[in-house]
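Listed below are the residues making up each chain.
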Amino acid sequence: MNLRRRKQMPEKKNYICILLEKWRKKIVEKNRTGLTNLHNINSFFYLCGEMIKQQPDKKYSVIIMDIVQFKAVNEFCGRDEGDRLLRFIASCFDWYENNRPDSYACHIRADIFCLCTSYEEVEELEIIVREIRKKITDFPFAYRVQPSFGIGISPERAPAISYLKDCATMAMNSIKGKVYRTYAVFDEKMRSQKMRERQVENDIVSALENGELQLYVQPKVDMRAGRVIGGEALVRWKHPEKGLVPPREFIPVLEKNGFIINVCLLYTSPSPRD
């Protein structure tokens, strides 16, 4: 290889890198929501994933937020006012993307927003939540707006952004219906629950294939007529190692991840022998 060709190779690589970076920025800018101009979930996952990959030794968190009974906001104030509120909330999250290092804001859908940011102490994240909440509750609006927050954290090095989002969502859902709780931090108890759910998700496929899910019918009896008038189908899981798994431990997981449809099809579809 001659000297001239060697000199040209780094220049060509640099040119390709510049083109790729321009293409990346163009794609990212296209993946913004029309109403709020924040990143959509695809762009958010990509940008945060790249950030975590490039700086894996930092601690990261996802803060997620939704408005309690936002549907009532639209019904009471009208769609235009609801959109005005969403744009204001977006500006609150966008402020941190523009002013806090290692931060990206996202409008997931409707009234659900999130922020990924690096941090040193959990107290930093709680301050962010309180600041955003104060701005939203102080916003001049005809309806009382109640934001609810979840803070997702992980002790793992370079956690997946989707995992942090799931942790934040679980934390937020843990305070649904608790009027005086405005935010929750993902903790060890929630982590254990998350691990149990993952285990159920891993085991349920083989359980369906191996016939570990058993169907029982509980009869409904008309006591006056003294005859059976119907029945209630009950599913029980006989695990080869754990024995009978309580329905409360696997039914909610099946409903959340969609496997409940597989269970229904398994017992409602006609068998080859029918």
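This text follows the structure it describes.
1. Overview of the overall build of the protein chain
Helices and strands together make up the secondary structure of the protein chain, namely nine helices and eight strands. Here the protein chain holds 274 residues, and the buried ones make up 36% of them. Long-range pairs, those at least 24 residues apart, make up 62% of the contacts in the protein chain with a sequence separation of at least 6. Carbon and sulfur atoms provide 52% of the accessible area of the protein chain, an area that totals close to 17400 Å².

2. Structural notes on the environment of glutamine 69
Of note, glutamine 69 is situated in the loop between β1 (59-67) and α3 (70-77). With 42 residues separating them along the chain, glutamine 69 and aspartate 111 place their C-alpha atoms 9.6 Å apart.

3. Quick word on the pairing of strand β4 (residues 147-153)
Within β4, seven of the seven residues are buried, which leaves the element mostly enclosed by the surrounding structure. The side-chain alternation of β4 yields two buried faces, one formed by Pro147, Phe149, Ile151 and Ile153 and the other by Ser148, Gly150 and Gly152. Sheet analysis places β1 next to β4, joined by seven bridges and oriented antiparallel. Looking at β4, one finds that valine 62 is bridged to glycine 152. As defined by bridge partners, β4 adjoins strand β5 (residues 183-185) across three bridges and the pair is classed as parallel. Of the residues in β5, the one forming a bridge with phenylalanine 149 is tyrosine 183.

4. Description of the nonpolar core
In this structure, Met65, Leu85, Ile89, Phe93, Phe113 and Ile132 are the most contacted members of the largest nonpolar core, which totals 29 residues. The element that contributes the greatest number of residues to this core is helix α4 (residues 79-99), accounting for seven residues. Setting aside its immediate chain neighbours within four residues, isoleucine 89 contacts Met65, Ile67, Phe113 and Ile136. If you look at the next biggest cluster of nonpolar residues, it comprises 16 residues, including Phe44, Cys116, Leu164 and Ala168.

5. Looking at the sheet that holds strand β6 (residues 213-222)
With antiparallel pairing, the three strands of this open sheet are ordered in space as β6-β7-β8. Single-partner strands in this sheet number two, and they are β6 and β8 (243-245). Averaged over all pairs of adjacent strands, the angle between strand axes in this sheet comes to 45 degrees, irrespective of strand direction. Pairing geometry for β6 and strand β7 (residues 227-239), over ten bridges, is antiparallel.

6. Here's the deal with the side chain of serine 148
The topology assignment puts serine 148 in strand β4. Taking the relative accessible area as the measure of exposure, serine 148 reaches 5% and is therefore buried. Those residues in contact with serine 148, other than ones at most four positions away along the chain, are Ile64, Met65, Asp66, Val68, Met172, Ile175 and Thr182.

So, how was this worked out
Residues numbered from 1 in each chain as written. Predicted model: local features only at pLDDT ≥ 70, side-chain atom pairs only at ≥ 80, totals over all residues. Heavy atoms only, no water. Helix = DSSP H or I, 4+ residues; strand = E, 2+ residues; numbered from the N terminus. Buried < 20%, exposed > 50% of the residue type's maximum accessible area, 1.4 Å probe, protein only. Contact = heavy atoms within 4.5 Å. Areas by Shrake-Rupley, 256 points an atom, 1.4 Å probe, with all protein chains shown as cover. Pairing = 2+ DSSP bridges. Core = buried A, V, L, I, M, F, W, Y, C linked by side-chain atoms within 4.5 Å. Axes fitted to C-alpha atoms, helices over the stretch in contact; angles between N-to-C directions.

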